Amino acid sequence: MRTLGLGLVLVGFVFCCVSSKDVYVFQDIDECEFIREDLSDMVYTVKLVFNQKLLCSYDSRLGKYVGYDELGIRSAEHFNNQSWKMKQRKEELETICRANARLYIKSEKRKVPPVVSVRSNSKARYGQLTTLECHAYDFYPQAINITWLLDGSEVTGDVVSTELMDNGDWSYQMHSYLELVLHRGVSVSCRVEHSALEEPLVCLWDSTSLDTRIIKLAVGCSLFFIGLVVTLSAAYWHYKKQHRGFTSLALH
């Protein structure tokens, strides 16, 4: 178990022994506590716990182990007489506590703004129910807020967002989806709020692809009707020409 919070680094090891009748649990819990950012007040403790009972503990302020019952006292005396163990505990104040605390403090100051994109699915059509997607990538810290705006007003319904996803490299990603009926001329945008941004980032959904599709359809239909008119006109002219020829032969 390993957790990290402001003022506390906790590292624990749990060993379980199972017999035919009972379960024995031994825990080695290392704690690093601090308040000051320079870590000058860092306190390192090691607690040995058997079946939820504290046997003995090491405190860096005392520089030794202290026992709390007969077994714990014997264990503390044994550990205190091991020069290599006492030297190791003193070194761990730096290698475990201060090293991890410095990483934590550094990470708290680090801020990376999200990379945001908004897109529609391939089946998007005006007048039809469709889904728009807002993607926020590679941001830190993890706190982020994603909302949708319809003509500048926040949309409260038909919105689904994923859980925050850890990229595994001290960055995160999150995705939000809006289901709606698209109408031409109505603006849809995704608003992202994050501590690395001086102000909320608003990304407008680009309807160019749908507008271009409509223009192409309109141009295609126009060309079809023009072609049809030309074809019918040519056919009519050809018919009239042949009809005039037959009329002339009949007169002769």
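You'll find the protein entered in an unreviewed UniProt entry as SLA class II histocompatibility antigen, DQ haplotype D beta chain isoform X1, with Carassius auratus given as the organism. UniProt's Subcellular location (unreviewed entry) comment on the protein is quoted here verbatim: "Membrane".

Turning next to the packing of aromatic side chains. Per the stated rule, a full pass over the model turns up six aromatic pairs. Seen in terms of ring centroids, Tyr-44 and Tyr-58 are 6.2 Å apart; in terms of plane orientation they differ by 65 degrees. Their pairing is edge-to-face. One end of the pair, Tyr-44, is in strand E4 (residues 43-50); the other, Tyr-58, is in strand E5 (residues 53-59), and 14 residues separate them in sequence. An identical accessibility class is assigned to Tyr-44 and Tyr-58; each is buried. Judged by centre distance (6.2 Å) and plane angle (20 degrees), the ring pair of Tyr-140 and Tyr-172 falls under stacked. Taken as a pair, Tyr-140 in the loop between strand E8 (129-139) and strand E9 (144-150) and Tyr-172 in strand E13 (residues 172-181) lie far apart in primary sequence, 32 residues in all. According to the relative accessible area criterion, Tyr-140 is buried, its value standing at 7%. Residue classification places Tyr-172 among the buried positions, given a relative accessible area of 15%. Through a chain of ring-to-ring contacts, the aromatic side chains of Tyr-44, Tyr-58, Tyr-65 and Phe-79 assemble into a single cluster. Between Arg-110 and the ring centre of Tyr-140, over which it is positioned, the NZ or CZ distance is 4.8 Å.

Once that is clear, we can look at the pattern of salt bridges. If you walk through the whole model with that rule in mind, you get 10 salt bridges. Residue Glu-94 is joined to Arg-98 by a salt bridge in which the shortest nitrogen-to-oxygen separation is 3.7 Å. Of this pair, Glu-94 and Arg-98 both sit in helix H2 (residues 83-109), four residues apart, which is roughly one turn of that helix. Arg-98 sits in the buried class, given a relative accessible area of 19%. With a shortest N-O distance of 3.0 Å, Glu-133 and Arg-119 are connected by a salt bridge. Of this pair, Glu-133 sits in strand E8 while Arg-119 sits in strand E7 (residues 115-120), placing them 14 residues apart in sequence. Relative accessible area serves as the criterion here: at 46%, Arg-119 is assigned to the partly exposed category. Here the salt bridges do not stand alone but share partners, grouping Glu-94, Arg-98 and Arg-102 into one network.

Definitions and cut-offs
- Residues numbered from 1 in each chain as written.
- Predicted model: local features only at pLDDT ≥ 70, side-chain atom pairs only at ≥ 80, totals over all residues.
- Heavy atoms only, no water.
- UniProt positions renumbered as here; feature names shortened; annotations may be inferred.
- Phe/Tyr/Trp six-rings, centres within 6.5 Å; stacked < 30°, edge-to-face > 60°.
- Helix = DSSP H or I, 4+ residues; strand = E, 2+ residues; numbered from the N terminus.
- Buried < 20%, exposed > 50% of the residue type's maximum accessible area, 1.4 Å probe, protein only.
- Lys NZ or Arg CZ within 6 Å of the ring centre and 35° of its normal.
- Salt bridge = Lys/Arg side-chain N within 4 Å of Asp/Glu carboxyl O.

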